[in-house]
Each structure stands twice: as C-alpha cells, then as structure tokens.
Amino acid sequence: MQGSQQQAYDRGITIFSPDGRLYQVEYAREAVKRGTASVGVRTEDGVVLVADRQTRSPLVEASSVEKLHSVDEHLGIASAGHVADARQLVDLARRRAQMEWLRYDQPLGVEALTKEITDHIQQYTQTGGARPFGVALLVAGVENGEPRLFETDPSGTPYEWSAVAVGGGRDEIQEYLEDNYDDSLSLGDGIGLALEALAVPNDGELDTGGVEISTVDVESETFSTKPPEEVAELVTEHGLAEGGEDE
Amino acid sequence: MTDDRLQPDGASSDPDPFGSELVPNDALGGERAEQLAGDDEMVNKTGTTTIGITNEDGVVIATDKRASLGGRFVSNKDVQKVEQIHPTAALTLVGSVGGAQSLIRTLRAETSLYGTRRGDNLSISALATLAGNMMRGGPFFAVNPILGGVDEEGSHVYSIDPAGGVMSDDYTVTGSGMQLAHGTLEGEYDPEMSMDEAVALAARGIQSATERDTGSGNGIFVARITADGVEIEDYDDPAELL
C-alpha cells in the first residue's frame, strides 16, 4: 500500500508529494549524477570549462562525444547528464544568442542567456505529459568585459559560481575546488585547477584522449576549444596523465 | 515546416525577434494601414520639423508644435512632439500621429521590461535597432522619428525612416521642414558645443522652418537629455531660446 502511494506521486511531473517534493525533478538530478563530470572555473582573465568524455569503447570516435558547445562568439556551454537533452538546450541557447543580434544588434549577456535557458527548463517541471531535462549545464562567457560562470539544474534554477562542478563525482570535485580556488588565478592556472579537480574522482589521473578543454578569455571575448594535442600536453604538464608516474 | 527557425510561427516557444510581445491589440495591421492611407486627408499628421543635435553635455531635441490634416489645415496648435521613452532617451513624433503615439507607447514598455528583466537599461544603439525592427516588421506605419539619447558610450542621435532604416549622426532633422532646418544647421554645428549652444542652434532651425514650412509652427518643444535624465519644456516662440 505504501509502495503504490509513493508511486502515485512520481507518476506525474506536475504532482507534489505530501511533503512538498517533485519526485520527477529529483530523479532528473540523479540522471545528471550518472553522467561524467564537467568543471567550470572563473578567473580574472576568463572562464575555463573542462569536461570528462570517457567513452565506453575504444572504437568510438572521441570527437563524436560532445560535452563542450560553442553558443556564440563570446559564449559556451558545458553539459553533464543526458547528451540528447543537452543538445536541445544548446540549440535554444544558440537561437537566443542570434535573436539578441537580430533584435538589438548586441551580444547576449551570460546572465540573460542563463535565465532564458532556466525559464525553458522550468516549463518542463510544470507541464503535464512532459518530463524534465535530465541535464545540468555550465554557461560561460564574457559580459561587458567581465567573465561570468553560471549553472543550470533540472528544476530550472540559475546559480552563479566562481568555480563549480556538475555530473558524477560532483561532491568530491566541488570540495577540491573549494579548498584550492583563489580569485587571483590566471587563465592558465584556472585550466590547471579545473583539470586537477576533474581528476579527483579518478585518483588524480585523466585519460589524455578523454578530456575536453575550452576557454572564454576576457581580452578577445572569444570562446575557443583546445585541439586534442594541446589537451594531451596540458594534462601531461599538470602531471595528471594516466600512467604518467610510471614513465 | 519552414527551416528558418529564427522567424517561427506562433506555436513555437521562440519569440519573434522583429516583433514585440507588447504590441497592443488595436495596433494597425497591413490591410488596415493601407485602407487608412487612402483616407490621407483624414489622418492627423505632424507635418513637422524635428531636430536632434549631440553636444558635449548630451543631446538636445527640438520640435515645433503643429499638427495638420493633409498639410493644409492646422488641426492642433499645441502638440508635444518629443516624448521620453527611456531613462536617458527621447523620440520625436513625425508623420502619422497615431502611428507615432503607438510606437512610443510600445518602446516605453519594451524599455521598461528590458530594464526590469536584465537590471540594466537598453543601450541607445540597441533601442535604435529595436525601433528600426518595429518600423520594418511591426504594425507601425508612416512615421519618420528622431531618436536621441545618452548612454555609457556617449551622446547619440539616430534618424529612423518608415521602412526601418536606422542611421546614426552627429545632428539630424526630419519632417516637412527638414530642408529649411538643415540649411540653418549646416556649417553651424560644432562637436564641442555645450548644451545651451546646441539648444540655441536647434531653436534657430525650428524658427527657419516655422517661417517658411506650412506644416511647422506654433512654438517649440525642447528636450535636454543628459546622463541624469530627460527634461522637456515648451515655449511659444523659438526666439525665446536665442
């Protein structure tokens, strides 16, 4: 009897449980935890996004697993959770960024973009017959010369961060960031901190082919993704390459 | 299903980038506008001379006060043809009075909503782009306003034409008296003018147009726009400002 009662509250997305919870939204948060992690670090010189894109088979083309997405010249998004859900939100973000150019002839702000995305996510926590987005995003960019870093979650709440992790191992990574973050980091230091944090759940090691790194730097106001060779160099340089200590 | 997802139909969750979610229900559609264009003699027009001049202290906008029917009958002698639409910007009414009033109400609402949502006011260039989009794709017709404003980038004057063309300038004139006023301004404008000097120059422009253009006259409205805001005053005679 208890079991069937419980089920009734998680069947419909629009139904609160008697203790005021939306089970489907909480389950969507679990879906995010099942994904590999993405980390964002904001520095004075720009924002760093790194993502773990471990593949389930060596035969998968690593480049086809996309977790870092360019949105506009000055904006980028990292995702954790359902890749297909992330793609829908990334496309929304790209359209809203272009809409800002069409409507006002100006670049879309990072905070405004994040709120456009979270308002869209929120609709899926209140609409019957739909399910919430099983994905968390990190939205990074430069706005009026200032670096900004935001997180979106499946409930549709926006948060701004100095440094943050989403996805599997979030708690451990976040703890590492809290212990080691310093707001005077350079962009290069930020990449190092983000990689070290990403490696925490994996005993401080990273597969050089399974990491993505992007930055939005304040000077050029441009989002750019590092080519695989440079990623491998950076991972090795920071002493995080798998098996690196044995060599 | 069209591929152009930036101009979606009503069913999409994307707002139309060129339209306004704030367009009033009584806004004129294309057919209605055409029908009205046929009743030209019945539509109140401003005739008008409106002038915008950037200066060291901000922007001055000056307009005459006459409305006319078909350019041959003075239907109102005390029209305010410059209105504040933004904390530090104003727009002139030139052309159809109804079209201009509706455009002003909509831009005021858009500016307020943008400021409340983003916690920061629209820049003047963004406001000009928005106004141009509305003129081109929206329900507003037959107006040719000047937008003047001050923002972090400095002082700006734009002329906006009925087809949505948006042009930035140091000073500009629109309305039926534009050639007369331009003649007065040409060669007299100096980018280092103070607000008071620019106000006097604008008053001379309105005075020239008042003398010879049948669509302009009955006094002058002056808007002084600075980073602190917009102050609008009117006078019975432009000579009071010389």
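Here goes a summary of the coordinates provided.

Considerations on the overall build of chain B
Point 1. Each helix and strand counted, chain B has 5 helices and 13 strands in total.
Point 2. Considering only intrachain contacts with a sequence separation of at least 6, the fraction spanning at least 24 residues in chain B is 69%.

Considering the sheet that holds strand S2 (residues 46-52) of chain A
Residues and elements named next belong to chain A.
Point 1. Taken together, the 5 strands give an open sheet; going across it, the order is S8-S1-S2-S9-S10, and neighbouring strands pair in antiparallel fashion. Two strands lie at the open edges of the sheet, namely strand S8 (163-166) and strand S10 (222-225), each paired on one side alone. Strand-to-strand twist in this sheet, taken as the mean axis angle between neighbours without regard to direction, amounts to 15 degrees.
Point 2. Of the pairings in the sheet, the one linking S2 to strand S9 (residues 211-217) comprises 7 bridges and is antiparallel in character. The residue of S9 that forms the bridge with Val50 is Ile213.

Re the pairing of S9(A)
If a strand is regular, its side chains alternate between the two faces of the sheet.
Residues and elements named next belong to chain A.
Point 1. Taken across its 7 residues, S9 has 6 buried, putting it largely inside the fold.
Point 2. Here S9 runs beside S10; their pairing, made up of 4 bridges, is antiparallel. Among the inter-strand pairings, Asp217 is bridged to a residue of S10, identified as Thr222.
Point 3. The hairpin turn running from S9 into S10, its antiparallel successor, is 4 residues long, and Glu221 in that turn takes a positive phi close to 50 degrees.

Let's talk about helix H3 (residues 83-104) of chain A
Point 1. With 22 residues, H3(A) extends 31 Å from end C-alpha to end C-alpha; this agrees with the ideal 32 Å at 1.5 Å per step.
Point 2. Of all the positions in H3(A), only A:Asp85, A:Ala86, A:Leu89, A:Val90, A:Ala93, A:Arg96, A:Ala97, A:Glu100, A:Arg103 and A:Tyr104 are classed as buried. On an axial view of H3(A), the arc spanned by its buried residues comes to 155 degrees, and they lie on one face.
Point 3. If you follow the buried residues of H3(A), they end up packed against strand S3 (68-72), strand S4 (75-81), helix H4 (110-123) and strand S5 (135-143) of chain A together with helix H3 (124-137) of chain B.
Point 4. Of the residues flanking the end of H3(A), it is A:Asp105, one or two places downstream, whose phi is positive at about 55 degrees.

Scoring rules and cut-offs
Residues numbered from 1 in each chain as written. Chains lettered and ligands numbered in written order. Predicted model: local features only at pLDDT ≥ 70, side-chain atom pairs only at ≥ 80, totals over all residues. Helix = DSSP H or I, 4+ residues; strand = E, 2+ residues; numbered from the N terminus. Contact = placed C-beta atoms within 7 Å. Pairing = 2+ DSSP bridges. Axes fitted to C-alpha atoms, helices over the stretch in contact; angles between N-to-C directions. Buried ≥ 20, exposed ≤ 12 C-beta atoms within 10 Å, placed from the backbone. Expected span 1.5 Å × (residues − 1). Arc of directions from axis to C-beta.

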